[in-house]
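Tertiary structure, described
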Amino acid sequence: MAAIMPAYVMYGFDTASSLAEETTDPRRRTPRAILQALAAAGTAGALLLLVGLMASPTLSVGDLAKGGLPQILEQALGSTAAKILLVDVAIAIFVCTLAIHTASIRIAFAMARDNTLPFGSKLAHVTAHRHVPAAPAIVSGLIAALVLIVNIGNPKIFLIVTSVAIVTVYIAYLLVTGPLLRRRHGGWPAEGRANGLFTMRRPVGLVVNGFASAYGLFMIVNLLWPRPEIYGEGGYAWGGVATVAVILVLGVAVYAVIRTRAGEVTEEHRAAREDSAPAPTLAPTEL
């Protein structure tokens, strides 16, 4: 559980960074903002745990595991103040889910527009009334709801769902950090080409990139390891491994089918071309 918590924090800021193109000068400001946000989240989380333990009337692991922070808040502040704070937490979680939903819509639309998803033309369709891709919003919402429905009456599956969700993200990260580490060994980026953009010099970049790749691989193995002490006895211990295996097999199958048309923008989003119109000639002053 201690390994899962920071994974959620990093994933949340990564999701928020996908909206960075809406900010001013994102290539300079976004990386630093993410680092600052992670530092702030780590500091706030540490203070929350410290103050929570100081306010708790008991340090018994068994008692704290039953009620957690809500119980500590109620004992220290009273029922009314504790409920107000928990409502605030619920609102914050709801906002985070909206950010993740938004990121899912943007990714699905971009991939569908480039014909790299099944039913790409339908998923990439922009409605005439609202001028937004409605299908990715509905589909991603329904998939999330179905995942939650599986948990009804069977809380043991919740930990499997949580682990699988984080593992798939770490696999996606590893598909970036792994090839990037290879590029860094080849000399990327060249020294002196930062031009004011956020960058890490080669020695530091190699260390950070290598640690990121190793940590991602470690987390994938750690979260999928079929330990009965965490996931329970029987088939539950192998639930994460089986689910990720199915996801990978389906992903490879989809890629094998659609790779022949990958990069072909759907008809709706192709730019209109007028081959018969001559290209405009610009004077030197206009250039």
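Anything mentioned here points back to the structure above.
Below: a short report on this structure.

The rules we used
Residues numbered from 1 in each chain as written. Predicted model: local features only at pLDDT ≥ 70, side-chain atom pairs only at ≥ 80, totals over all residues. Heavy atoms only, no water. Helix = DSSP H or I, 4+ residues; strand = E, 2+ residues; numbered from the N terminus. Buried < 20%, exposed > 50% of the residue type's maximum accessible area, 1.4 Å probe, protein only. Contact = heavy atoms within 4.5 Å. Areas by Shrake-Rupley, 256 points an atom, 1.4 Å probe, with all protein chains shown as cover. Phe/Tyr/Trp six-rings, centres within 6.5 Å; stacked < 30°, edge-to-face > 60°. Salt bridge = Lys/Arg side-chain N within 4 Å of Asp/Glu carboxyl O. Patch = residues over 30% accessible without salt bridge, like charges linked within 9 Å, V, L, I, M, F, W, Y side chains within 5 Å. Axes fitted to C-alpha atoms, helices over the stretch in contact; angles between N-to-C directions. Parallel < 35°, antiparallel > 145°, perpendicular 65-115°, else oblique. Left-handed = near helix turned anticlockwise from the far one by under 90°. Nonpolar A, V, L, I, M, F, W, Y, C, P; charged D, E, K, R; others polar.

Here the focus is the overall build of the protein. Helices and strands together make up the secondary structure of the protein, namely ten helices and zero strands. Looking at the protein residue by residue over its 287 residues, the buried ones come to 20%. Pairs at least 24 residues apart make up 64% of the contacts formed inside the protein by residues separated by at least 6 positions. Roughly 19700 Å² of accessible area belongs to the protein as shown, and the carbon and sulfur atoms make up 70% of that amount.

For the rest of this paragraph, the subject is the packing of aromatic side chains. Following the criterion strictly, the structure yields three aromatic pairs and no others. Summarising the aromatic geometry, the rings of Tyr170 and Tyr215 are spaced 6.0 Å apart at their centres and angled 70 degrees between planes, so their arrangement reads as edge-to-face. Of the two residues, Tyr170 is situated in helix α7 (residues 156-185) and Tyr215 in helix α8 (residues 202-224); the sequence distance between them amounts to 45 residues. Since its relative accessible area comes to 6%, Tyr170 is described here as buried. Here Tyr215 falls in the partly exposed class, since its relative accessible area comes to 25%. Aromatic pair Phe211 and Tyr215: ring centres 6.0 Å apart, planes at 20 degrees, arrangement stacked. Here the residue Phe211 and the residue Tyr215 both occupy positions in helix α8, the gap between them amounting to four residues, near one helical turn.

Mapped onto the secondary structure, Leu217 falls in helix α8. Taking the C-alpha atoms as reference points, Leu217 and Leu174, 43 residues apart in sequence, are found 7.2 Å from one another.

Turning our attention to the pattern of salt bridges. Pairing between side chains becomes possible if they bear opposite charge and their charged atoms approach one another. Per the stated rule, a full pass over the model turns up three salt bridges. Where Arg28 meets Asp25, a salt bridge forms, and the shortest distance between an N and an O atom there is 3.4 Å. Exposure remark for Arg28: the relative accessible area of 33% places this residue in the partly exposed category. When the shortest N-O distance is used, the salt bridge between Glu267 and Arg270 registers 2.8 Å.

The subject of this paragraph is a nonpolar patch on the surface. Where nonpolar side chains cluster on the molecular surface, the patch consists of Val87, Ile91, Phe94, Val95 and Leu98 and spans about 470 Å² of accessible area. Locating Ile91 in the fold gives a position in helix α4 (residues 79-113). Residue class for Ile91 comes out partly exposed when judged on its relative accessible area of 48%.

Let us now look at the environment of Ala214. Relative to the elements of secondary structure, Ala214 occurs in helix α8. Owing to a relative accessible area of 46%, Ala214 belongs among the partly exposed residues under this scheme. Measuring from C-alpha to C-alpha, the distance between Ala214 and Leu174 comes to 8.9 Å, with 40 residues separating the pair along the chain.

A few words now on unusual backbone geometry. Following Trp188, the chain continues to Pro189 via a peptide bond in cis, the omega torsion being -10 degrees. Among the secondary structure elements, Pro189 is positioned in the loop between α7 and α8. With phi around 60 degrees, Asn115 is a residue other than glycine that occupies positive phi space. Relative to the helices and strands, Asn115 resides in the loop between α4 and α5 (120-123). The exposure class assigned to Asn115 is buried, which follows from its relative accessible area of 14%. For His131, which is not a glycine, the phi torsion comes out positive at approximately 60 degrees. Among the residues examined, His131 registers a relative accessible area of 60% and is labelled exposed.

One can find Ser213 in helix α8. Setting aside anything within four residues of it in sequence, one finds Ser213 in contact with Leu174, Thr177, Gly178 and Leu181.

As a further point, take the packing of α7 against α8. Where α7 meets α8, the closest approach of the two axes is 8 Å, and the angle between their N-to-C directions is 150 degrees. When the interaxial angle is binned, α7 and α8 end up roughly antiparallel. Between α7 and α8 the crossing geometry is left-handed. When the residues that make up the contact of α7 with α8 are grouped by side-chain class, the tally is 15 nonpolar, nine polar and two charged.

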